Amino acid sequence: MKTIENVRSLKKALISELSRLPEKNAFGDSNELERLRLQSWILDLSYIENFGRTNDDDGEVSFWFNDECWTPLCDYEDSIEDFAVQEQPLSYAAWLKM
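Please read these numbers as outputs of a predicted model, since none were measured by experiment.

What counts as what
- Residues numbered from 1 in each chain as written.
- Predicted model: local features only at pLDDT ≥ 70, side-chain atom pairs only at ≥ 80, totals over all residues.
- Heavy atoms only, no water.
- Helix = DSSP H or I, 4+ residues; strand = E, 2+ residues; numbered from the N terminus.
- Expected span 1.5 Å × (residues − 1).
- Buried < 20%, exposed > 50% of the residue type's maximum accessible area, 1.4 Å probe, protein only.
- Arc of directions from axis to C-beta.
- Contact = heavy atoms within 4.5 Å.
- Core = buried A, V, L, I, M, F, W, Y, C linked by side-chain atoms within 4.5 Å.
- Phe/Tyr/Trp six-rings, centres within 6.5 Å; stacked < 30°, edge-to-face > 60°.

Glancing now at helix α1 (residues 4-20). Its 17 residues place the ends of α1 24 Å apart at the C-alpha level, agreeing with the 24 Å of an ideal helix rising 1.5 Å per residue. For α1, the set of buried residues is Val7, Leu10, Lys11, Ala13, Leu14 and Leu18. All buried residues of α1 lie within an arc of 165° about the axis, which places them on one face of the element. Of the exposed residues in α1, the ones pointing more than 90 degrees away from its buried face are Glu5, Lys12, Ser19 and Arg20.

Now the structure itself:
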């Protein structure tokens with residue numbers, strides 16, 4: 001099971017992702033479904049943050065929270081961790097290119 005700190009961290013990352021999500025994707029299609037999915041995850045994470053448990057045992061956030069990772073949230077969390085590991089070398093590389 002994840003900690004409340006894990007919940008807060010993922011919630012913060014998802015809020016940031018939601019704020020940067022463009023209206024249309026690279027193919028010109030609407031990102032409305034992706035926006036709704038992110039909002040749903042944020043609401044579920046807020047529920048966990050406030051009450052210490054999930055409100056829907058069959059939801060994607062519940063599976064992530066209980067470490068039953070077959071949900072896209074686990075892939076998203078892994079991507080965030082991978083980026084954090086490589087962020088410093090990437091910023092140095094960008095700086096050296098300038």
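Its location among the elements puts Ser62 in helix α3 (residues 60-65). For Ser62, a relative accessible area of 3% gives the class buried. Ignoring anything within four residues of it in the chain, the contact list for Ser62 reads Thr54, Asp56 and Asp57.

This part takes up the nonpolar core. Core analysis: the biggest nonpolar cluster contains 15 residues, and Leu14, Leu45, Trp64 and Leu73 have the highest contact counts within it. Every element with two or more residues in this core is listed here: α1, α2 (32-51), α3 and α4 (72-97). Beyond its immediate stretch of four places on either side in the chain, Leu45 contacts Val7, Leu10, Lys11, Leu14, Val61 and Trp64.

Let's shift gears to the environment of Gly52. Assignment of secondary structure puts Gly52 in the loop between α2 and α3. Residue Gly52 is classed as partly exposed on the basis of its relative accessible area, which comes to 43%. Separated by 48 residues in sequence, Gly52 and Ile4 have C-alpha atoms that sit 7.5 Å apart. Once residues lying within four places of it in the same chain are set aside, the contact partners of Gly52 are Ile4, Tyr47 and Phe65.

Moving on, we come to α2. Taking 1.5 Å of rise per residue, 20 residues should cover 28 Å, and α2 covers 29 Å from first to last C-alpha, within 8% of that figure. Arg35, Leu38, Trp41, Ile42, Asp44, Leu45, Ser46 and Ile48 are the residues of α2 that are buried. Following α2 by one or two positions, Gly52 has its phi on the positive side, about 75°.

Right, let's get into the packing of aromatic side chains. Going through the model one piece at a time under the given rule, you end up with one aromatic pair. Between the aromatic rings of Tyr47 and Phe51, the centroid separation amounts to 4.6 Å while the plane-to-plane angle is 45°, which identifies the pairing as tilted. Remark: Phe51 and Tyr47 occur in helix α2; sequence separation between them is four residues, near one turn of the helix. When its relative accessible area of 24% is taken as the criterion, Tyr47 is described as partly exposed.

Moving on to the environment of Glu77. Note that Glu77 resides in helix α4. Between the alpha carbons of Glu77 and Asn6 there is a distance of 9.6 Å; along the sequence they are 71 residues apart. With near-sequence residues (within four places) excluded, Glu77 lies in contact with Lys2 and Trp64.

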